[in-house]
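Secondary and tertiary structure notes
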Amino acid sequence: MRRIQYHHYGGPETMRLEEFELPSPQAGEVAVTVKAASVNPIDWKLRQGQLKMLTGRSFPRGMGSDFAGVVRAIGPGVTQFKPGDEVFGIARLKESGAYAEAVVTRESYLALKPAELLFEQAAALATVAVMAWDGLVERARLLRGQRVFVNGCTGGVGEAAVQVARMLGADIAGSCSAASASRARELGVTTVYDYATFDLSELRGIFDVVYDTSGTLPVKTAMRMLNTAGVFLDINATPAKFLHAAFNRRHKIFNCSPTTPILTEVARAAVDGSLCMLIGETVTLDSAIDLITDLEKGRKIGGKGLILMGANR
């Protein structure tokens, strides 16, 4: 098997496409032959060592979170999947490894891929859609007619959040660059603010939910934007934020927590056309390091970066 991996934490230069031995799935685990994987910022943040207190110092380490493929083997106790099933989901945070010809992950991190979705489409969904769904549906309990503000509404999680909020019947406002404003309106953002020119602190007491998908919104500004019962969804944790959230239950800090039920709902929304993540550029595994490096350095491709491992249908 081949995968993109690294032998110590660091920059893009640490990535190597190398052979590795796929472990046998243990209890509650599933081995999947990967057909497609998508690129997310969390992937290079892990490689940079930003979460090394969680990921440890065991090397080499694989890269990649989101993937779609075919079940090749199951571990003891797995009941939801069998070899040959087409699935999509997320690799385990500590091990990662989706940029590979095969990966092992938890059963609970997978869902069946609907026949209506290509592997490419399914691979682009997992992290961004789970973050959007988990935040707005599970944590904020967003209701029809409520007002939601999405900071970074044309980023990966931002676009997914806008689409989920639209599905729920919310009134959506958001911030992005001036160049992305038309894309935001296409998604369903009714009021678009240019983050470079508008001071968001002027929006006081307006929103039921403020979702900072880009990690750039000051906590004080976000809390002022909320109405008296509003919720601030925050996916960019820092020690200071954890301290604030400990004393203010309306400040909800969370990370990607995939479950089969959430992934299944996300897939259903993708099939009916309510949720669609654009693919910006597609490469083979042999060319993937260049694409990952470019994205890490800030190149915009107008959608998700996608890595294909083999023939797809």
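The rules behind these values
- Residues numbered from 1 in each chain as written.
- Predicted model: local features only at pLDDT ≥ 70, side-chain atom pairs only at ≥ 80, totals over all residues.
- Heavy atoms only, no water.
- Helix = DSSP H or I, 4+ residues; strand = E, 2+ residues; numbered from the N terminus.
- Rg over C-alpha atoms; globule rule 2.2 N^0.38 Å.
- Buried < 20%, exposed > 50% of the residue type's maximum accessible area, 1.4 Å probe, protein only.
- Areas by Shrake-Rupley, 256 points an atom, 1.4 Å probe, with all protein chains shown as cover.
- Lys, Arg positive; Asp, Glu negative; His and termini not counted.
- Charge placed at Lys NZ, Arg CZ, Asp CG, Glu CD.
- Salt bridge = Lys/Arg side-chain N within 4 Å of Asp/Glu carboxyl O.
- 1 Å grid on protein atoms, 1.4 Å probe; cavity = no way out; pocket = protein on both sides within 12 Å on 5 of 7 lines; lining within 4 Å.
- Points joined across faces, edges and corners; volume = space filled by probe spheres on them.
- Nonpolar A, V, L, I, M, F, W, Y, C, P; charged D, E, K, R; others polar.
- Pairing = 2+ DSSP bridges.
- Axes fitted to C-alpha atoms, helices over the stretch in contact; angles between N-to-C directions.
- Disulfide = S-S within 2.5 Å.
- Parallel < 35°, antiparallel > 145°, perpendicular 65-115°, else oblique.
- Left-handed = near helix turned anticlockwise from the far one by under 90°.
- Contact = heavy atoms within 4.5 Å.

Let's shift gears to the overall build of the protein. Across its full length, the protein holds 10 helices and 16 strands. Whereas a compact globule of 313 residues would reach a radius of gyration of roughly 20 Å, the protein reaches 19 Å, a difference of no more than 12%. Seen along its three principal axes, the alpha-carbon backbone of the protein occupies a region of about 55 × 40 × 40 Å. Relative to its 313 residues, the protein shows a buried fraction of 53%. Here the protein displays about 13,800 Å² of accessible surface, and carbon together with sulfur accounts for 52% of that area. In the protein, the 35 positive side-chain charges and the 32 negative ones have mean positions that sit 5 Å from each other.

Further remarks concern the pattern of salt bridges. Applying the stated criterion across every chain yields a total of 15 salt bridges. A salt bridge links D85 to K82, with the shortest nitrogen-to-oxygen separation between them at 3.0 Å. According to the relative accessible area criterion, D85 is buried, its value standing at 12%. Two residues, D171 and R147, come together in a salt bridge whose shortest N-O distance is 3.5 Å. Pair noted here: D171 is in strand β10 (residues 171-176) and R147 is in strand β9 (residues 147-151), with a separation of 24 residues, a long-range link. Judged by its relative accessible area of 31%, D171 falls in the partly exposed class. If you follow the salt bridges from partner to partner, you end up with R2, E101 and D286 in one network.

On to the layout of surface pockets. Taken as a whole, the second largest pocket spans an internal volume of roughly 250 Å³. As for the second largest pocket, its lining consists of 18 residues, of which R3, G62, R92, E95 and S96 are closest to the centre. Secondary-structure elements contributing two or more residues to the lining of the second largest pocket are β4 (61-62) and β7 (102-106). Of the residues forming the lining of the second largest pocket, the biggest block, 3 residues, is contributed by β7. A breakdown of the residues in the lining of the second largest pocket according to their chemical character gives 8 nonpolar, 5 polar and 5 charged.

Quick look at the sheet that holds strand β2 (residues 16-19) now. Two modes of strand pairing occur in sheets, parallel and antiparallel, and in both the strands are linked by backbone hydrogen bonds. Across the sheet, 3 strands lie side by side as β2-β1-β4; this open sheet has antiparallel pairing. Each end of this open sheet is capped by a strand with a single partner; those strands are β2 and β4. As defined by bridge partners, strand β1 (residues 2-6) adjoins β2 across 4 bridges and the pair is classed as antiparallel. The residue of β2 that forms the bridge with Q5 is R16.

With respect to topology, 6 strands assemble into an open sheet ordered β11-β10-β9-β12-β13-β14, the strand pairing being parallel. With partners counted over all chains shown, the strands left at the sheet margins are β11 (191-194) and β14 (251-253), one partner each. Ignoring strand direction, the axes of neighbouring strands in this sheet form an average angle of 15°. Sheet topology note: the β9/strand β12 (residues 207-212) ladder contains 4 bridges and is parallel.

Take the state of the cysteines next. Counting across every chain of the model gives 0 disulfides. The closest cysteine sulfur to the non-disulfide-bonded C176 is located on C153, 4.1 Å from its own sulfur. The class of C176 is buried, set by a relative accessible area of 4%. Considering cysteine sulfurs only, C276 is the nearest to C256, which forms no disulfide, with 19 Å between them.

The N-to-C vectors of helix α4 (residues 126-139) and helix α5 (residues 156-167) enclose an angle of 45°; their axes lie 8 Å apart at closest approach. It follows from the interaxial angle that α4 and α5 lie oblique. For the pair α4 and α5, the sense of crossing is right-handed. Between α4 and α5, the residues in contact are V128, A129, M131, A132, W133, L136 and V137 and G156, V157, A160, A161, V164, A165 and M167, respectively. For the contact of α4 with α5, a count of residues per class yields 13 nonpolar, 1 polar and no charged.

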